[in-house]
Amino acid sequence: MWIGPRRGLALGALVVAISGILRGAATNYITMLLAVGAFGIGGPLVSVGAPTVIRDWFAGRERGLAMGIYNMGQSLGTIGALSLTSSVGLSLAGGDWRLVLIGYGFLALAAALVWFAISSHEASRAHERSRRVEKPAASSAQYV
């Protein structure tokens, strides 16, 4: 079964969201290990899926802009999370770090749902169907 980058990215984002929520709900070492392990499955799907979708959906200068936005968004998200978690997140959660992690999990879930809505559009499904068509085999010419 071929999942494809569109579904793979949605699945990865969903697993990342579940991981965040499970981290907040962890009660011991094993449950925390499983929650972090789930991130180890979802994170790489997102890290590989997003550039793949950009490669497939954009060309030329648009692709460069899309990759720039992707890289900048990743950096800004990290900076925002690191700088706001202690000062804002913990204050809003009454000092409960578990609620902060659950909040981040629900934020990731919201992002996954937005991506699912965007990628469910008929144009993106048609584009993915066209990518499934096998490309002709590469020539057997040897490079010297």
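What counts, and at which threshold
Residues numbered from 1 in each chain as written. Predicted model: local features only at pLDDT ≥ 70, side-chain atom pairs only at ≥ 80, totals over all residues. Heavy atoms only, no water. Helix = DSSP H or I, 4+ residues; strand = E, 2+ residues; numbered from the N terminus. Buried < 20%, exposed > 50% of the residue type's maximum accessible area, 1.4 Å probe, protein only. Areas by Shrake-Rupley, 256 points an atom, 1.4 Å probe, with all protein chains shown as cover. Phe/Tyr/Trp six-rings, centres within 6.5 Å; stacked < 30°, edge-to-face > 60°. Lys NZ or Arg CZ within 6 Å of the ring centre and 35° of its normal. pLDDT = per-residue confidence, 0-100. Contact = heavy atoms within 4.5 Å. 1 Å grid on protein atoms, 1.4 Å probe; cavity = no way out; pocket = protein on both sides within 12 Å on 5 of 7 lines; lining within 4 Å. Points joined across faces, edges and corners; volume = space filled by probe spheres on them.

**Here's the deal with the overall build of the chain**
For the chain, the count of helices and strands is five helices and zero strands. Ordered by position in the sequence, the α and β elements of the chain form the string α-α-α-α-α. Out of the 144 residues in the chain, the part that is buried amounts to 24%. Carbon and sulfur atoms provide 71% of the accessible area of the chain, an area that totals close to 9,800 Å².

**Quick notes on the packing of aromatic side chains**
Applying the stated criterion across every chain yields a total of one aromatic pair. Cation over ring: Arg 23 sits above Phe 39, and NZ or CZ is 5.2 Å from the ring centre.

**Describing the confidence of the model for the chain**
Across the chain, the average pLDDT comes to 86, with 89% of residues at or above 70. Mean pLDDT per element in the chain: helix H5 (residues 122–132) is the minimum at 74, and helix H4 (residues 97–119) is the maximum at 93. Predicted confidence is poor over residues 136–144, with pLDDT under 50, and the contacts of this stretch with residues over four places away or in other chains come to zero contacts.

**So, the layout of surface pockets**
Approximately 1,200 Å³ is the volume found for the largest pocket. If you trace the largest pocket, you find 31 residues lining it, with Val 16, Val 46, Gln 74, Ala 108 and Ala 111 closest to the centre. Counting only elements with at least two residues in the lining of the largest pocket, the list comes to helix H1 (4–25), helix H2 (29–57), helix H3 (60–92) and H4.

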